[in-house]
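# Inside the fold
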Amino acid sequence: MKRVKLIFASILFLGFAAIVKADELVIKKHYANSYGSSFIFQEQGIEFSIFPDGQFDFYMLNARSGVSVSVNNRYSSFSFNTGYNYDAYVQYDEFGAVVQVEHVPVYYDHFGRITRAGNVFISYNNYGYVSRVGGLYVYYNNYHRFSHCSGFINVHNRHYEFRPWHRYYVIPPSNYCVVYNRPYRKFYKPKRFHYNGYYKNNHRRTTAVANRRGSEVRRNMSYATVKRSRGATVRNRNNTAVSTHRKRGNNISSRRGDSRNMRSVNERGGRVVASSNKKATSNKSYKRGSGLKRNNVKSSTVNRGRRR
C-alpha cells in the first residue's frame, strides 16, 4: 500500500514538473524573438521593465537573493510594483514619481511617461506608445499592437534574455500611477540628490495624479524626498516651517537691535529721524510743559496784586 501511494505521488510530481516546464518553454518561445508586453533591460545593476504606455517597473538585482525560489509564487513581491520595499534606494519628487533609484536617475516627459533610465533613452510615437528604447526600434501593426523590433538597446543589452521573473512585472496600481493624459509636468524640474548608501524616513507616497481634482494635478511638497546637509531625510513641509521660524526670530532680533541703537543715539544726543508717534509724544509733552509755566506766572501776578 505504501508503494502504491509512493508511485502515485511520484506520478503527480512528475506531471506537475512537466506542466511547469511546458509553461516555461511556451513563455520562453514567446519572448525569444521579441520583448513581448514590456521592454526589459539592465542599467547599473537595476533591471527596468518599460511598458508600452510609458509606465515601468524595476527590480534591483543586487538588493536581494533567492529570487528563483520566490518567483514561482504569483503573488510574490520582488519588484517595485509588486510591493517589495525599496524605500532605502529610491527618491521621489513632488508628484510622487520615482526620480532616482540608487545612482540611476529617472526622467519623465510632460505626461509622466519615462523618457530616460540612466543612459537609456525612451521615445514614443504619435499614439503614445514606446517607439524606441536606446537603439531598439519598436513597430506596431494597424491595430496599434506590438509587431516586432529591430536593433538592440545598447552594448550591454544586445539581446533579450529570458528570466523566470519577467512574467511577473506589472504596471503600478492606480494610486501610484504617474502617467496622465494632460501635460502636468511641463514646467517642473525635480531636484535629485547624490545617493550616499540609503535614504532615511523615505516611504512610497500616493501620487498627485491619483489625488487630482478634475483635470488639475497639484504638486505636493510633502511627497518629495528632501535631504538636509547632515544627511537626514525630512519632508519639505517641516523644513519650510523650520526656516520660517528662523526668519521670524531673525526679524525680531533685528527689531530689538534697531530699538537699542535708537536709544543709544538719543542718549548721546545724536541726530535721529524720529517716527510720527515719537513726534506726537514730544510735542504733547512740550505743550503740557509750557501750559504749566504760564499758569505759574499768572498765579504769581495775582498774588502780588492782592498783597498790594
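Let me sum up the structure you'll find in this document. (Residues numbered from 1 in each chain as written. Predicted model: local features only at pLDDT ≥ 70, side-chain atom pairs only at ≥ 80, totals over all residues. Heavy atoms only, no water.)

Now for the sheet that holds strand E9 (residues 130-133). Overall, antiparallel pairing links the eight strands, which are arranged E4-E5-E6-E7-E8-E9-E10-E11 in an open sheet. Of all the strands in the sheet, the pair left with one neighbour each is strand E4 (90-92) and strand E11 (146-151). When strand polarity is set aside, the average angle formed by the axes of neighbouring strands in this sheet is 20 degrees. (Pairing = 2+ DSSP bridges. Helix = DSSP H or I, 4+ residues; strand = E, 2+ residues; numbered from the N terminus. Axes fitted to C-alpha atoms, helices over the stretch in contact; angles between N-to-C directions.)

This brings us to the pairing of strand E10 (residues 136-140). Every other side chain in a regular strand lies on the same face of the sheet, so the side chains alternate between the two faces. Relative to E10, E9 is paired through two bridges, and the arrangement is antiparallel. Paired with Val-133 across the bridge in E10 is Leu-136. Hairpin connection from E9 to E10: two residues lie between these consecutive antiparallel strands, with Gly-134 at a positive phi of about 65 degrees. By the bridge criterion, five bridges tie E10 to E11 in an arrangement that is antiparallel. Bridging across to E11, Leu-136 finds its partner in Gly-151. Counting the residues in the hairpin turn of E10 and E11 gives five residues, including His-144, whose phi is positive at 60 degrees.

Spatial strand order, E1-E2-E3: three strands in an open sheet with antiparallel pairing. Each having just a single partner strand, strand E1 (39-43) and strand E3 (56-60) make up the two edges of the open sheet. Going from strand to strand, the sheet's axes swing by 20 degrees on average, the running direction of each strand aside. Bridge analysis of strand E2 (residues 46-50) against E3 gives five bridges, and the strand direction is antiparallel. Its bridge partner being in E3, Ser-49 is matched across the sheet by Asp-57.

The biggest cluster of nonpolar side chains holds 47 residues, and the ones touching the most others in it are Phe-48, Phe-56 and Phe-58. With four residues, E3 is the largest single contributor of residues to this core. When neighbours within four sequence positions are excluded, Phe-48 is seen to be in contact with Phe-39, Ile-40, Phe-41, Glu-43, Phe-56, Asp-57, Phe-58, Val-104, Val-106 and Ala-117. (Core = buried A, V, L, I, M, F, W, Y, C linked by side-chain atoms within 4.5 Å. Buried < 20%, exposed > 50% of the residue type's maximum accessible area, 1.4 Å probe, protein only. Contact = heavy atoms within 4.5 Å.)

Next up on the list: the side chain of Ser-222. Structurally, Ser-222 is set in the loop between E11 and strand E12 (226-227). Exposure remark for Ser-222: the relative accessible area of 10% places this residue in the buried category. At 2.7 Å, the side chain of Ser-222 forms a polar contact with the side chain of Asn-220. (Polar contact = N/O pair within 3.5 Å; in protein donor to acceptor, adjacent residues only side chain to side chain.)

A complete count under the given rule lists 18 aromatic pairs for this structure. An angle of 50 degrees between the planes, with centres 5.5 Å apart, marks the rings of Phe-78 and Tyr-169 as tilted. Placement of Phe-78 in the loop between helix H2 (67-70) and E4 and of Tyr-169 in the loop between E11 and E12 is noted, with a sequence separation of 91 residues between them. This pair shows no difference in class: Phe-78 is buried, exactly as Tyr-169 is. Directly above the aromatic system of Phe-152 lies the positively charged group of Arg-158, at a separation of 4.8 Å from the ring centroid. Above the face of the Tyr-107 ring, Arg-192 is positioned so that its terminal group lies 4.0 Å from the ring centre. (Phe/Tyr/Trp six-rings, centres within 6.5 Å; stacked < 30°, edge-to-face > 60°. Lys NZ or Arg CZ within 6 Å of the ring centre and 35° of its normal.)

Turning our attention to the environment of Tyr-107. Assignment of secondary structure puts Tyr-107 in strand E6 (residues 104-108). Residue class for Tyr-107 comes out partly exposed when judged on its relative accessible area of 28%. The spatial distance from the C-alpha of Tyr-107 to the C-alpha of Phe-121 is 9.1 Å, given a sequence separation of 14 residues. Once residues within four sequence positions are removed from consideration, Tyr-107 is found in contact with Arg-113, Ile-114, Thr-115, Arg-116 and Arg-192.

This part is about the side chain of Gln-91. Within the secondary structure, Gln-91 is located in strand E4. Assessed through its relative accessible area of 0%, Gln-91 is described here as buried. When residues no more than four places from it in sequence are discounted, the contact partners of Gln-91 are Ala-97, Val-98, Val-99, Gln-100, Lys-191, Arg-192, Phe-193, Tyr-199, Asn-202 and Thr-225.

Remember that the coordinates give geometry; whether it matters functionally is a separate question.
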